[in-house]
Amino acid sequence: MNGAHASSALLAACARAGRVALFLGRIVGQCLPALRRPRLLVQQIYNAGARSLVIIMLCGLFVGMVLALQAYDLLQRFGSESALGVAAALGLVKELGPVITALLFAGRAGTAMASEIGLMRATDQLNAMEMMAVDPVRHVVAPRFLGGIIAMPLLTATFDVIGLFGAQLIGVGLLGVESGSFWSQMQSAVTSRDINEGLIKSLCFGVACSLMAVYEGFHAEPTAEGVGLATTRTVVSSAILTLLLDYMLTAAFLGS
Amino acid sequence: MSDTRAAGDSIVEVRGVNYAIGGRTIFDGLDLQARRGEITAVLGPSGTGKTTLLRLLMGAIAPELGQVSVFGQDISALDRHGLYAMRRRVGMLFQNGALLTDLSVFENVAFPLREHSRLPEPLLRRLVLMKLQAVGLRGAAELSTSALSGGMARRVALARAIVMDPELLIYDEPFAGLDPISLGVILRLIQSLNATLGISSIVVTHDVQEISSIAHHSFLLSGGKVIATGNPAKLRAADAAVVNQFMHGLPDGPVPFHVPAGDYREQLLGGDW
């Protein structure tokens with residue numbers, strides 16, 4: 001009985017993954033027409049990016065500060081407090097920046113996207129577009145999807161910079177690490193490869209989080225409960241997908 | 001009951017359509033047609049599949065059996081491109097207006113033009129203002145959709161539906177939830193648009209009195225098929241029990257007031273809840 005239940009759940013998960021992949025194909029087909037309408041795209045970059053800026057900066061500051069405390073505690077055991085800048089920078093740029101930004105993005109911009117599209121479904125706006133011979137995937141979904149992908153690396157970069165500022169605030173200002181070694185060791189140890197790793201991760205997370213948000217919103221049941229459920233599923237599936245992708249990408253980068 | 005009118009000048013034809021949702025039969029051999037230049041009313045109690053019929057006409061869903069033709073084209077045979085080409089010739093008014101909430105009144109009406117034409121801005125602006133003038137809302141062009149009353153939203157949606165100069169206008173419950181003044185305005189607009197622009201109209205509604213005053217021909221749906229057809233006067237005079245109950249708004253009859261349930265006394269006194 002449990003085996004049958006597990007296999008049917010696995011089949012359902014595979015079917016859902018297939019539907020998401022087909023939807024992604026449909027969106028990709030409409031990306032070029034969406035790019036020809038820069039006004040819509042800029043609006044969505046603003047919605048997903050600029051409107052998430054405060055929460056990203058605030059969280060980046062705290063994460064950087066906590067990272068400095070933890071890294072200092074670890075490094076002083078080996079007498080390497082001067083490497084605090086390197087530890088904070090690598091931790092933020094390669095891992096914490098992209099992952100936490102993606103999780104925050106899913107909670108702030110992803111839910112906004114899903115509920116907005118879900119409400120458009122519930123109020124017949126998407127149906128009205130279909131009846132006016134306008135593909136809602138081109139007009140509504142593709143600009144939001146692209147806007148999310150473009151916004152994510154920008155938000156990640158902001159998170160990294162503010163996080164480093166927070167780490168410097170605690171490391172240099174509170175814990176007494178020398179400012180010169182904090183910045184110079186960071187400069188010499190962090191390479192463009194590390195930065196590219198973070199950039200590629202944030203782009204992949206941008207695709208994953210934006211895709212889940214527009215998919216869940218577009219396929220929401222046209223009821224209040226359906227829109228709420230779509231919003232919840234956006235956060236859950238984006239978080240799982242982000243962490244899964246993070247493992248796969250980290251393994252791939254370390255392997256190469 | 002099948003419609004026996006001449007099919008030569010019909011703009012919409014539904015022939016022997018069967019459709020079911022989740023095992024529940026919605027249509028069982030549905031036949032009807034709408035003629036060019038006429039206002040055709042599709043009447044029926046709630047839950048008879050009137051909105052489903054509109055979705056069939058617009059190609060949003062496909063019948064399991066039978067054929068739906070619009071402008072002489074079998075809808076099921078059209079690909080996405082063909083379906084969109086057909087829809088450009090049709091205007092549709094949704095029950096709640098379905099205005100795009102992130103756009104102003106003007107931009108809502110301009111939306112189909114911006115999507116389907118490359119008209120210069122001054123010409124587009126004039127066209128939109130003419131359509132808004134036709135529905136009496138030129139003065140509301142710059143308002144946001146959230147500032148509109150239900151009746152005004154319906155009129156903006158009507159302006160949007162006619163902005164591409166469609167050959168066929170489909171109305172889904174255009175009178176639902178309107179105050180008497182807004183209702184009168186919409187009624188007059190349906191009639192005047194039909195007469196002055198030569199548009200054919202299909203009005204799906206359960207408001208018998210209102211539509212009877214302007215419809216050229218009516219179909220009454222019940223039990224998945226057309227049970228009566230003719231002009232409104234003929235339908236009102238019909239002696240079939242279901243038709244009589246619906247046309248005269250009787251609370252009980254073949255469509256029962258009570259949902260079937262067990263014995264009332266037993267349920268109240270038996271404590272078996």
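Right, let's walk through the structure included here.

**Here's the deal with the overall build of chain B**
Okay, step 1: The number of helices and strands found in chain B is 10 helices and 10 strands.
Okay, step 2: What you see for chain B is a C-alpha radius of gyration of 20 Å, in line with the 19 Å of a compact globule of 273 residues.
Okay, step 3: Dimensions along the principal axes, computed over C-alpha positions, put chain B at roughly 70 × 45 × 35 Å.
Okay, step 4: Within chain B, counting contacts between residues at least 6 apart in sequence, those at least 24 apart form 64% of the total.

**So, the sheet that holds strand S6 (residues 90–93) of chain B**
All names here are of chain B.
Okay, step 1: The mixed open sheet is built from 6 strands, whose spatial order is S6-S7-S8-S3-S9-S10. Taken across any chain shown, the strands that pair with only one partner, and hence form the sheet edges, are S6 and strand S10 (225–230). Neighbour-to-neighbour, the strand axes of the sheet open up by a mean angle of 15°, direction not taken into account.

**Comments concerning the interface of chain A and chain B**
Okay, step 1: In this assembly, 10 residues from chain A lie in contact with 14 residues from chain B.
Okay, step 2: For the side of chain A that touches chain B, the residue count by class is 5 nonpolar, 3 polar and 2 charged.

**Details of unusual backbone geometry**
Residues and elements named next belong to chain A.
Okay, step 1: The phi angle at Ala133 is positive, at roughly 65°, despite the residue not being glycine.
Okay, step 2: Relative to the assigned elements, Ala133 resides in the loop between helix H5 (125–131) and helix H6 (136–174).
Okay, step 3: The class for Ala133 is buried, based on 20 C-beta atoms found within 10 Å.

**A closer look at the environment of Ile170 of chain A**
Residues and elements named next belong to chain A.
Okay, step 1: By the secondary structure assignment, Ile170 is in helix H6.
Okay, step 2: Classification of Ile170 by C-beta neighbours within 10 Å gives buried; the count is 20.
Okay, step 3: Sequence-distant contacts of Ile170, defined by excluding residues within four places in its chain, comprise Met65, Ala68, Leu69 and Leu175.

**Concerning H6 of chain A**
Residue and element names in this part refer to chain A.
Okay, step 1: With 39 residues, H6 should reach 57 Å at 1.5 Å per residue; the first-to-last C-alpha distance of 53 Å fits that figure.
Okay, step 2: Along its length, H6 shows its largest kink, about 35°, at Ala142, and proline Pro143 lies within four residues downstream of that point.
Okay, step 3: The buried count for H6 comes to 29 of 39 residues, which makes it a mostly enclosed element.
Okay, step 4: Positive phi appears at Gly176, one or two residues downstream of H6, with a value of about 85°.

**As for the sheet that holds strand S4 (residues 65–70) of chain B**
Sheet strands line up and pair through hydrogen bonds in the backbone, either parallel or antiparallel.
All names here are of chain B.
Okay, step 1: Within the open sheet, the 4 strands sit side by side as S2-S1-S4-S5. Their pairing is antiparallel. On the outer flanks of this sheet lie strand S2 (24–35) and strand S5 (73–74), each paired with one strand and no other.
Okay, step 2: The sheet contact formed by S4 and S5 spans 2 bridges and is antiparallel. Note that in S5 the partner of Ser69 across the bridge is Asp74.
Okay, step 3: Contacts from helix H1 (residues 50–57) reach strand S1 (10–21), S2 and S4 within the one sheet, and its direction differs from that of S1 by about 120°.

The rules behind each value
Residues numbered from 1 in each chain as written. Chains lettered and ligands numbered in written order. Predicted model: local features only at pLDDT ≥ 70, side-chain atom pairs only at ≥ 80, totals over all residues. Helix = DSSP H or I, 4+ residues; strand = E, 2+ residues; numbered from the N terminus. Rg over C-alpha atoms; globule rule 2.2 N^0.38 Å. Contact = placed C-beta atoms within 7 Å. Pairing = 2+ DSSP bridges. Axes fitted to C-alpha atoms, helices over the stretch in contact; angles between N-to-C directions. Nonpolar A, V, L, I, M, F, W, Y, C, P; charged D, E, K, R; others polar. Buried ≥ 20, exposed ≤ 12 C-beta atoms within 10 Å, placed from the backbone. Expected span 1.5 Å × (residues − 1). Bend = angle between axes of the 7 residues up to and from the residue.

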